Each structure stands twice: as C-alpha cells, then as structure tokens.
2 protein chains.
Amino acid sequence: MTNAERRSFWTWGHVSDEPTDEVRLAAAKAASKRTGIEVLPPPIPSIDSISLRPSRLTVPTSLRDFVTDAKTDRITHTYGGHSLELLRAIRGQFDEPPDAVAYPESEDQLEKALEWCVTNKITVIPYGGGTSVVWGLNVPRDSEYAVTIDLERMNQILDIDEVSRAANFQAGIYGPDLEAKLKTKGLTLRHYPQSFPWSTVGGWVATRSGGHYATNHTHIDDFVESIRMLSPTGWYESRRLPGSGAGPSPDRMVIGSEGTLGIISSCWLRLQKRPTYRASAGVLFRDWYDGTEAVRAIVQTKLHPANLRILDPVEAQSAAGVTGSKALLIIGFESADIPQRYFIEQAVAIARDHGGMIDDQAIVVDDGSGSATGRGGSVGAWRNAFIGVNAGTHLGLGVLSDTFETAITWDRWPNFDETIRTRVGAQLKETIGQGATLSCRFTHVYPDGPAPYYTFSGQVPIGEEHAIWHAIKTAANDAIVDAGGTVTHHHAVGRMHRNAWERQRPERFGDMLRAVKRTLDPGGNLNPGVLVNP
Amino acid sequence: MTNAERRSFWTWGHVSDEPTDEVRLAAAKAASKRTGIEVLPPPIPSIDSISLRPSRLTVPTSLRDFVTDAKTDRITHTYGGHSLELLRAIRGQFDEPPDAVAYPESEDQLEKALEWCVTNKITVIPYGGGTSVVWGLNVPRDSEYAVTIDLERMNQILDIDEVSRAANFQAGIYGPDLEAKLKTKGLTLRHYPQSFPWSTVGGWVATRSGGHYATNHTHIDDFVESIRMLSPTGWYESRRLPGSGAGPSPDRMVIGSEGTLGIISSCWLRLQKRPTYRASAGVLFRDWYDGTEAVRAIVQTKLHPANLRILDPVEAQSAAGVTGSKALLIIGFESADIPQRYFIEQAVAIARDHGGMIDDQAIVVDDGSGSATGRGGSVGAWRNAFIGVNAGTHLGLGVLSDTFETAITWDRWPNFDETIRTRVGAQLKETIGQGATLSCRFTHVYPDGPAPYYTFSGQVPIGEEHAIWHAIKTAANDAIVDAGGTVTHHHAVGRMHRNAWERQRPERFGDMLRAVKRTLDPGGNLNPGVLVNP
C-alpha cells in the first residue's frame, strides 16, 4: 500500500541507493590493505529474517488507507542516518521500532493521524527523509506506543511566486524533485545540505539545516518566509513576510524545533534565479593557519562568496588530491545577473596577500554560459568527494569514521583548533591507536568566526564501534564546550548533542523551551527527548 | 544625585536637545501659513508647575544611592517618545508616573533593584534612551507600584575584540558614544536607527531595531553575538558564537522581547572596519512603480547595497527637494576593503533599464579617501531630513504627523500600496480633510519584498489630536493586516501594535510567549502589557 518498500533500512535513501556488493567489497579490500587486518563486508539481512517486536497498536479501520503496521515500514523507520544506527540495522537489531507508520497524503489525513496519537497517548515521530545524524528519529524506550508520521506523500510544490521569488512547498518534497521542478521556471532554492538527495524541505526546516552558501545566508532560516505546522493544539501558520519588526519570531521558534512542537506541513521558502555567472578558484597554502587568516580577511570584506571553504592538508590530500602537505581554499562566486570576475579577483588578491598560491589561469570564470566552474582540478575533486556520501558502504568493516562540527569566534582561533586536536587526538590515540586520523575543514564562515568541521577515522575491533565512538564523541563535546564553541553548527541537537548543548546555553533556556512545548504539545506526544531533556 | 536633570521630559534626549523657542515659533509660522489658521507654540510647563501623584513607594535606605523618587526623575520617565505622549507631557498631564527611578551603576545594583521590585510586587519598566514610539515605557494603570530602571549609568564598552570584530557593550551606552569610542580603533557598529543620538544598545536589542543597512542585514539581530540579561529568576547569558545549529535561538528569544523577560545588562555585537570606499547615486523615476520595480531588480541581484531607499514623488519633493513629481531612488555602496565603482555601475545600469534617470557624472564614487559620498545633491538633502528628527518641534500646533511601517512580498505590490493609500486616504479625508497628505518611502528592501514606510500629516483642531490619530492608526492597521502585511517592521510592538499584531501572527504564538515569560518572570513584574496581552 505504500512506497516504503523502496526505502532502504541500512543506508540513506531508497533501495536503489544501496551500495552494491562490489562497492562494499572494494571498500573492505581498501580497509584491509590500509590496516593489514583482513575484513569482509558482513551480509545484509533480509527483512524476513529480522525478528521484530509485534506492533503494540491496532490501527483503526478508518486510518488503514494510510497507516500501516507492516513489518517493512516499521523496520525502515526505526533508525535515522547515523552510522551507528545503520550498523545496528545491518546486524538486524531493531529493539525499538515504531508500532505503525502513517503516510498522510493530505492535511486532512495528517490531522486524523495526529488526533489518533494524541487521544491514545501515542508517541509521534515526525519523519522527513530519515537522514538525521543526531538520533532525532528514534522511538524512546519508555514510550508505550509510537507512530512515525512520514510526510513522503505530501510532496508537491503548491505555489510558485516568480515575482517575489518564493514557493510554497509541501514538507515531504525531496531536494532533487524540488530543484527539477523549479528549474523549469529558471529558479532554484540552492539549499544543498550533504543529505540533499535524500532529505526533505520539512526536514531541513525542522532541523535548521546548513546549506550551499558558505557565507552570509548559511542556514535554512534565511530562506523561510512562513511555516504551516500542525500541533496537537491545532494549526500554527505564520504570515508570508519579507521582514518584521516584532519580537521573538513565530518562524524562528519552529525552525530547528526538531519535531518537538508539531509536524510541518508546508512552508514558503525564498528562491533565486539560477546562476549564470560563476567564478571559482582553488588556492593553496603551505600553512593551515595562513590559510585560515586569508579566510578571515576575505569573509570580513563582505564580498559574500557562495563558497569559501578551506581544507586542512589532510583533507586537501584525501578529498581533493592535493599533495605536499598544503591546505586548499576553495573560493566560489555566482550570480544570475552580475559578472563575477571582479569579485573573484578581489578575493584571490586577498588570499595571495596571506601567502596563497594560485596561477592566474587557474582562476576559472564563466561569464554567462551558465556552466559550472567548480568541476575541474582540485576544486572539482573535492566537490565529487562531498556530494557522493554513501552511508552504507563501510558498515561492519570496523571502519569508524564520523564528523563533529562547531563554530568559534576568530579571536579564539587557532588556539581552539590546537585544543581540539590535542584533546580529541589523545582520545583517538587511547582508543584507536596510531592509525587514527583527525582532520578539519571549514564548512561555513562568518565575519566573526569560522564553523570548523572535524573528521576522525580509524580501524577498530568489530563489535567495539559503539563504545569507542562514545569515548571519542564525549571527548570532542567536552573539548568544544570547554574551549567556548558550540557542539552543533548544522547537524541539529537531537538526542546526541542534547546534554552537551545544555552546558553551552543559558541555564533557563531549557525551561523556556519546555514551556513552549507544553503550550503546543501538552500531552508530550511529539518526539520526546529530542532537543531538550523532557 | 543623578544625571536625570539633563533628560528632557518633552522631546527625545536631554534638555540640550530641546528645540529652542525660535525653532518652535518658526514651525508655528510655517503651519499657520500652510493652513491659514493662526497657531502659536504652547508654553512648556516648568517641572515645578506640574502636579504629580505622590510616590506610592518608600525607597529602602539600602537602595537610596541609586534609586530616587524625586519629581524630576519620575516626570522624565513617564513617557516614551511618541508624539502623542510628548503632547501630554507639554500639557502637564502625568497621570501614571513611575513611583521611583533606579539608575544602577553595576550588575550588583541592578540585581538589588530588581530583587526589591520582585519581592514587593512592583512593576518594572526597563528604560534605555526613552525613544519608544510604540508606548513601550508606560506605567500600566492597574500596577499598584512601578519603578523604571534606567540603564544610563551602565554605559561602558567592556571589551573590544578587534580580531573577530565584535565588542561587549553595556546596555546603557548611547549611539554617538559608542561610535566615538569605536572610531579610535578604526571600527564601527554602523547601526543607525532614526533615534540613534538618543537611544541605547540595550534599547536597540530589546526592540529589534532596524538600522543603517537597507538590504541584507537590516535589523540588530544580525549583529548580536550574545546577550547577558537579568531576569527575576536569575542571569540569562548566551555564549559568544558566530553561528549555531541548535533550534530556537537563546538570543532570538530575547531580541525584541521589549523588556518583558528581563533587563539586558550587556551584549556582544558584531562590528566592522570603517568604510573607506563609497559610491552613491540618486536616480529619478517619472513613475513611482517603475522605480519600485527597479528596486526589486536591484535587490534580487544580491549586490547588497548599504542603501537602496526609494522616496515617492511627495517625499522626494518634501525631503529631498526633487521637483516635477518624480520618485527618487537613493543607492549607496560602501566597503572598508573593496572599491565600489563596479557595484554602483551595476546597480545604476539596472535602474536605467527600468526607466531611471541619472547622468554619469552624478554617480559619486570615492575610492579610498574615506569621505562620504552621499552628502550632496538630492541624496544629501534627504540624508539631512532623515537625521535631524526633532520630536518636540511641532508639539501643540495641531500638526498631526506620524508614520506607519510594514513589509509585504513583491507579488502583492503595487496593489498593496494602492489599497493602503485608498483606505488610509479615505480616513484622512474624513478626519482631517483636504489638507492631509500621505506619502511613502522604502526604508529597507528584501529579495522577496519591500518594507514601505508611510507618513501622514495634516492640521487638526487642537485638542482632537488623540481621537483623530486613533482613527487613522486603526484604519492603517486594519488595511495592512487585511492586505497581508505586518503592522511592525522596525518600530517594535509595544502596546500600540499589540492587538493588530495578534491578528497577523499564529494564534498560539501569544500563548507561547506568555509561557516563556512565566518561566523567566513568574511574578509578571516586567513591562506588563507590552508585546503580548497579559
């Protein structure tokens, strides 16, 4: 009855997105070669072979058109997209599945599903594309009943306003679908989180996702004009406005609420004309901190480049093929209306003033053909490494690889970086040993500070992934909080960052959020335990 | 014991800011000539001559160093800066003065003042520069006791971070003082609300003020890095961060809370290097809507001009001396690092494509001398008209003049403008008659819509100002809400916009704000009746 058969239970997206046996075997061979320890990809269990707790609910007859307790649907909605969850999935461990999954096709069905849950004290998990990497989609152990509400059938563009450049999207529309539809009008949302192919507008708004732009407008908030959300106490709808002088914002209260206040049904997001003028440059630095100083100088000019991402020498080598221990700064400008040569020349001049190396002919400018400029050389190599996230490829090989993110004001950089590398490095050495790596890039930058993004990886004994990950993540959170940063910059809070986030924010803010939640969700049905401690 | 003697009770700012008798007489003569009705400036009462309700409080001995119930202090803190309030003031009507005024010099004194109020169920009115034009500073009639807490003695810059470009300001520092101090470091906040000379950092943050930049970063929110605020339940302090991925923002919950949650003690705001490259242009349009289409085209390019303000023909004539029924578009660019000729040329080309008229030599570019480019011609004339607000000059002359603001998406413009002019125009005709004027300019613009700012004025019978103003304001609010706009874009909500704002926002949002307020202010001491209905 549903499209959910197509959804994969062990990688991001649908069954067709699953890595093939060949790809998994190649990854295993590479890991074996790197570590000297022979590993093989574990078998993927069939859905039939997985043992699952029976549903604790009986779906009312009136809801059976769009609510199911079928095993496949419950299995494919048990986990989000974090690698430890997917690891549990390929091991057939589904201890806390939802008791049913609802696929409303309309606001009327959405209302009926929520009403059923609220009346019967059923925990509700709002579900977009399922790529949450912060444990935002799990059924709490102490929930008596739980239903996941998957918005995938509410996936239309309801309206496009070409004059104001905005569109009204249903929450369940996926990134590629919406871009394909907007393209026919010469428009684009240009919001590309790394999960783009497998995540939805509703998920982006609910998790305050960070997207394409490395400077200026970095988060989805900057594109939200209004939101329509169903809460247990009724509809919550803000007015489409380009700006407002009122105090706390009705939208900003919902953006990033991670399904704890209601289920986003649709929202108006700001669009733009598709860029036709582009310019990009990859600038090398012998010294990582010379490079980050160049980033500071460029972002503080307010040229607002679309891309201004620097990779440390480890990432420059592994992701972009840069040799000789050099950092790589990727600068990109784009516009639908204005030639961009002037902008890139200004930015490159600043980079060179800080020791950046680039030949004039390596500055790629396309003034009007509409073709992308960032597809060749090291810039293109990095782009390909970024876009092709495949969450399932390394599962079960003992390859522990994860990222953590932060943001910090410039005055504390580079000391902050040294602290993080020292403290997390010590933990990596203790738990993984010599083969572990730790690297950094900036995903977004602001005039007052960067958003550094750290990647760690290493080979660990199979079966010890969870314990070792936990030790490293705790070390990272502690180091970040102690050094003055934030434990989340664009991955949201979920359950993973909840306690560490509590230590970095005003003490009473949790009480305020709980008070807000009680107002819209007095029964506490919605995603309990996410964002704030209950 | 205080500096409050220097504060004026009938205009914005201090006694030295009061318009002279000569200035008031000239205004009266101009009004008489314009209307044919002879008017004279009414006498300003002396403080001694004003009869004031005795204070209902006894200031505890331990607080007398910084809390006073002196008549002058109570009179100068009875009203905000709206012209109807100042009109009451020059008529000696002070029905609801605070019972005492506190001038804490330190956080310790601030704590003591608030504790006294909370313990004794005293209403607390946080007070910055007193320029609120939305009735945000008044003592509610049903408060048994009320104390105004004036932050003017907490007026230091606590720290300047030149690397990240940010500074930690105490809430009571005034605009000109902070700019003078930052100038010595080559830095600037560049936040110039029209109240700039007489308003404070704390006031800007508490009211979500709109400032210098007409595009991109228009409101103070964009400059707030962190806030330290004292609430009845203790200190609320956010972490200095350039960005964060967490949900509802601790800062965004406080910005624009208008003194209902706590008293802002200090905050970190983002700064920038002082601009040295500037370019400006005044472009004329025969047709107002051709001009606004040019604005849309320019703002949608994301060139991010610092200034992009268009005046309709009425305002272009009255404020900038433009003759012949033409609209005036003022375009300005600025940068500390990048020559701006390229930017202004792009913007002017777009304006010309839409029928804009400007000679090449009228495009003023200063590439590096640091001197301003917007001080001559019609652009400079407008600037001078904007900066010199003097709230007291026309008081008591029967000159009713006020503004109302909004924001609306482009798809509804120009129909929106026509609706507002028709409906408010009809009300003006009914209550004022033929001499009334209604005009419009854009104060800020966004890719998805403008923030139109309307000015109305006319001569009314002395004594009928309040009733006529109320009829016009109600018509304006109704027209705006019905036509899909917002009743506040940068003047805040206060008591003036509270009911109309309620009609434009999600129904449950008021409950959410009340729940937030109860968390931080369980006794309801802080500025009751402002922002939300209690």
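Note that the coordinates shown come from a computational prediction; the quantities given were computed from them, not determined experimentally.

**Details of the overall build of chain A**
Then, in step 1: Of regular secondary structure, chain A possesses 15 helices and 18 strands.
Then, in step 2: For chain A, whose C-alpha radius of gyration is 23 Å, the value lies close to the compact-globule estimate of 24 Å for 534 residues.
Then, in step 3: Seen through its principal axes, chain A has C-alpha atoms that stretch 70 × 60 × 45 Å.
Then, in step 4: A total of 534 residues make up chain A; the buried ones form 63% of that total.
Then, in step 5: Put simply, of all contacts in chain A between residues at least 6 apart along the chain, 73% involve residues at least 24 apart.
Then, in step 6: Accessible surface, chain A: about 18900 Å² in total, of which carbon and sulfur atoms supply 48%.
Then, in step 7: Positive and negative side-chain charges in chain A, numbering 54 and 62 respectively, have mean positions lying 1 Å apart.

**What about the interface of chain A and chain B?**
Then, in step 1: Taken residue by residue, the interface counts 84 residues in chain A and 84 residues in chain B.
Then, in step 2: Summed over both partners, the interface of chain A with chain B buries about 6700 Å², with 59% contributed by carbon and sulfur atoms.
Then, in step 3: One can count four salt bridges joining chain A with chain B.
Then, in step 4: Residues Asp-411 of chain A and Arg-240 of chain B are paired through a salt bridge, measuring 3.5 Å at the closest nitrogen-oxygen approach.
Then, in step 5: Taken together, the connections running from chain A to chain B amount to 42 residue pairs in polar contact (both at pLDDT 80 or more).

**Digging into the nonpolar core**
Then, in step 1: With 252 residues, the main nonpolar core has Phe-169, Leu-329 and Ile-331 of chain A together with Phe-169 and Ile-331 of chain B as its most contacted residues.
Then, in step 2: By size, the runner-up hydrophobic cluster in this structure holds 16 residues, among which are Trp-10, Trp-12, Ile-47 and Leu-395 of chain A.

**Thoughts on the relation of the copies chain A and chain B**
Then, in step 1: For the match of chain A to chain B, the screw axis carries a shift of 0.0 Å, the RMSD comes to 0.0 Å, and the turn is 180 degrees. Given the turn and translation reported, the copies of this chain are related as if by a two-fold rotation axis. Residue Ala-515 of chain A, judged by its C-alpha, is the member of chain A lying nearest the rotation axis, at 2.7 Å.
Then, in step 2: A shared interface surface links the copies, since 100% of the contact residues of chain A are contact residues in chain B too.

**Structural notes on the pattern of salt bridges**
Then, in step 1: On inspection of all chains with the given rule, the structure shows 65 salt bridges over all chains.
Then, in step 2: A salt bridge links Lys-273 of chain A to Asp-337 of chain A, with the nearest nitrogen and oxygen atoms 3.1 Å apart. Here Asp-337 of chain A lies in the loop between β14 (327-335) and α10 (341-353) and Lys-273 of chain A lies in strand β11 (residues 272-273), a separation of 64 residues in the sequence.
Then, in step 3: Accessibility expressed as a relative area gives 25% for Asp-337 of chain A, which makes it partly exposed.
Then, in step 4: Glu-96 of chain B is the salt-bridge partner of Arg-53 of chain B, the closest N and O atoms lying 3.2 Å from each other. Residue Arg-53 of chain B is located in the loop between α1 (21-35) and β1 (67-68), and its partner Glu-96 of chain B is located in the loop between α3 (83-90) and β2 (100-102); the two are separated by 43 residues in the primary sequence.

**A closer look at helix α1 (residues 21-35) of chain A**
All names here are of chain A.
Then, in step 1: Between its terminal C-alpha atoms α1 stretches 21 Å, which fits the 21 Å expected from 15 residues at 1.5 Å a residue.
Then, in step 2: Residues of α1 that are buried include every one of Arg-24, Ala-27, Ala-28, Ala-31 and Ser-32, and no others. When α1 is viewed along its axis, its buried side chains cluster within an angular range of 140 degrees and face the same direction. For α1, the exposed residues lying more than 90 degrees away from the buried face are Glu-22, Lys-29, Lys-33 and Arg-34.
Then, in step 3: Buried residues in α1 make contact with β16 (399-405) and β18 (449-459).
Then, in step 4: Directly beyond the C-terminal end of α1, a positive phi value near 75 degrees is found at Gly-36.

**Let's talk about the packing of aromatic side chains**
For any two aromatic rings, the description comes down to two numbers: the centre-to-centre distance and the angle of the planes.
Residue and element names in this part refer to chain B.
Then, in step 1: Counted by the stated rule, this structure contains 40 aromatic pairs over all chains.
Then, in step 2: Ring centres of Phe-9 and Phe-94 lie 6.0 Å apart, and the angle between their planes is 65 degrees; on these two criteria the pair is classed as edge-to-face. Taken as a pair, Phe-9 in the segment before α1 and Phe-94 in the loop between α3 and β2 lie far apart in primary sequence, 85 residues in all. The exposure classification of Phe-9 matches that of Phe-94, with both residues buried.
Then, in step 3: Considering the side-chain rings of Trp-288 and Trp-413, the 6.1 Å spacing of their centres and the 75 degrees angle between planes classify their relative orientation as edge-to-face. With a gap of 125 residues between them, Trp-288 in helix α8 (residues 288-300) and Trp-413 in the loop between β16 (399-405) and α12 (415-431) connect regions that are remote in the sequence. For the pair formed by Trp-288 and Trp-413, the shared burial category is buried.

**Brief notes about the pairing of β14 of chain A**
On a regular strand, each side chain points to the face opposite its neighbour's, so the side chains alternate between the two faces of the sheet.
Residues and elements named next belong to chain A.
Then, in step 1: Counting buried positions along β14 yields nine of nine residues, so the element is predominantly enclosed.
Then, in step 2: Side chains Ala-327, Leu-329, Ile-331, Phe-333 and Ser-335 project from β14 onto one buried face, and the interleaved Leu-328, Ile-330, Gly-332 and Glu-334 project onto a second face that is buried too.
Then, in step 3: The sheet contact formed by strand β12 (residues 277-285) and β14 spans nine bridges and is antiparallel. Each residue of the ladder has a partner; that of Tyr-277, found in β14, is Ser-335.

**A short note on the sheet that holds strand β6 (residues 166-170) of chain B**
All names here are of chain B.
Then, in step 1: The strand order across the open sheet built from five strands is β5-β6-β10-β8-β9, with neighbouring strands paired in antiparallel fashion. Each end of this open sheet is capped by a strand with a single partner; those strands are β5 (157-161) and β9 (234-237). Going across the sheet, the axis of each strand differs from the next one's by a mean of 10 degrees, ignoring polarity.
Then, in step 2: Strand direction decides the pairing type here: strand β8 (residues 224-231) and β9, joined by four bridges, are antiparallel. Opposite Leu-230, over in β9, you have Trp-235 as the bridge partner.
Then, in step 3: Lying on the sheet, helix α5 (residues 175-183) is in contact with β5 and β6; it crosses β5 at an angle near 40 degrees.

**Regarding the side chain of Arg-240 of chain B**
Then, in step 1: Within the secondary structure layout, Arg-240 of chain B lies in the loop between β9 and α7 (250-254).
Then, in step 2: The exposure class assigned to Arg-240 of chain B is buried, which follows from its relative accessible area of 10%.
Then, in step 3: Looking at Arg-240 of chain B, its side chain comes within polar contact range of the side chain of Glu-225 of chain B, at 2.6 Å.
Then, in step 4: Once you skip the residues sitting within four places of it in the chain, Arg-240 of chain B turns out to touch Thr-409, Asp-411, Arg-412 and Gly-484 of chain A together with Asp-161, Ser-164, Ala-166, Glu-225, Ser-226 and Trp-268 of chain B.

**Topic: the environment of Pro-305 of chain B**
Residue and element names in this part refer to chain B.
Then, in step 1: Take Pro-305: it is sitting in the loop between α8 and β13 (307-311).
Then, in step 2: Residue Pro-305 is classed as buried on the basis of its relative accessible area of 1%.
Then, in step 3: Those residues in contact with Pro-305 that lie beyond four places of it in its chain are Thr-215, Ile-298, Gly-332 and Phe-333.

**Quick word on the packing of α3 of chain B against helix α13 (residues 465-482) of chain B**
Helix-helix packing: each pair is described by the crossing angle between the helix axes and the interaxial distance.
All names here are of chain B.
Then, in step 1: Look at α3 against α13: their axes get within 11 Å of each other, and the N-to-C directions meet at 175 degrees. Classified by the interaxial angle, the pair formed by α3 and α13 is roughly antiparallel. Here Leu-84, Leu-87 and Arg-88 of α3 lie close against α13, whose contacting residues are Glu-465, His-466 and Trp-469.
Then, in step 2: Classifying every residue of the contact of α3 with α13 by side-chain character gives three nonpolar, one polar and two charged.

**So, the confidence of the model for chain A**
Then, in step 1: On average, residues of chain A score 95 in pLDDT, and 98% of them reach the 70 mark or higher.
Then, in step 2: Scored as a whole, the predicted complex attains pTM 0.96, and scored at its interfaces, ipTM 0.95.

**A look at the sheet that holds strand β2 (residues 100-102) of chain A**
All names here are of chain A.
Then, in step 1: Overall, mixed pairing links the four strands, which are arranged β1-β2-β4-β3 in an open sheet. Both edges of this open sheet fall to β1 (67-68) and β3 (123-127), since each of them pairs with a single strand only.
Then, in step 2: With three bridges joining them, β2 and strand β4 (residues 146-150) adopt parallel strand pairing. Across the sheet, residue Ala-102 finds its bridge partner in β4, namely Ile-149.
Then, in step 3: Lying over the sheet, helix α4 (residues 107-119) contacts β1, β2, β3 and β4, oriented at roughly 165 degrees with respect to β4.

**Brief notes about empty space enclosed by the protein**
Then, in step 1: A complete count under the given rule lists seven cavities of 30 Å³ or more for this structure.
Then, in step 2: Of the voids in this model, the second largest cavity is the one considered here, and its volume is about 860 Å³.
Then, in step 3: Among the secondary structure elements, those contributing two or more residues to the lining of the second largest cavity are β11 and β14 of chain A together with β11 (272-273) and β14 (327-335) of chain B.
Then, in step 4: In terms of residue class, the lining of the second largest cavity is built from 20 nonpolar, 18 polar and twelve charged.

**Quick notes on the packing of α8 of chain B against helix α10 (residues 341-353) of chain B**
All names here are of chain B.
Then, in step 1: Packing of α8 against α10 leaves a shortest axis separation of 9 Å and a crossing angle of 145 degrees. Considering the relative orientation of α8 and α10, their crossing is right-handed. On α10, the residues that touch Ala-294, Ala-297 and Ile-298 of α8 are Ala-347, Ile-350 and Ala-351.
Then, in step 2: Of the residues assigned to the contact of α8 with α10, the class counts are six nonpolar, no polar and no charged.

Cut-offs and rules
- Residues numbered from 1 in each chain as written.
- Chains lettered and ligands numbered in written order.
- Predicted model: local features only at pLDDT ≥ 70, side-chain atom pairs only at ≥ 80, totals over all residues.
- Heavy atoms only, no water.
- Helix = DSSP H or I, 4+ residues; strand = E, 2+ residues; numbered from the N terminus.
- Rg over C-alpha atoms; globule rule 2.2 N^0.38 Å.
- Buried < 20%, exposed > 50% of the residue type's maximum accessible area, 1.4 Å probe, protein only.
- Contact = heavy atoms within 4.5 Å.
- Areas by Shrake-Rupley, 256 points an atom, 1.4 Å probe, with all protein chains shown as cover.
- Lys, Arg positive; Asp, Glu negative; His and termini not counted.
- Charge placed at Lys NZ, Arg CZ, Asp CG, Glu CD.
- Buried area = accessible area lost by both parts, 1.4 Å probe.
- Salt bridge = Lys/Arg side-chain N within 4 Å of Asp/Glu carboxyl O.
- Polar contact = N/O pair within 3.5 Å; in protein donor to acceptor, adjacent residues only side chain to side chain.
- Core = buried A, V, L, I, M, F, W, Y, C linked by side-chain atoms within 4.5 Å.
- Least-squares fit on C-alpha atoms with pLDDT ≥ 70 in both.
- Expected span 1.5 Å × (residues − 1).
- Arc of directions from axis to C-beta.
- Phe/Tyr/Trp six-rings, centres within 6.5 Å; stacked < 30°, edge-to-face > 60°.
- Pairing = 2+ DSSP bridges.
- Axes fitted to C-alpha atoms, helices over the stretch in contact; angles between N-to-C directions.
- Parallel < 35°, antiparallel > 145°, perpendicular 65-115°, else oblique.
- Nonpolar A, V, L, I, M, F, W, Y, C, P; charged D, E, K, R; others polar.
- pLDDT = per-residue confidence, 0-100.
- 1 Å grid on protein atoms, 1.4 Å probe; cavity = no way out; pocket = protein on both sides within 12 Å on 5 of 7 lines; lining within 4 Å.
- Points joined across faces, edges and corners; volume = space filled by probe spheres on them.
- Left-handed = near helix turned anticlockwise from the far one by under 90°.

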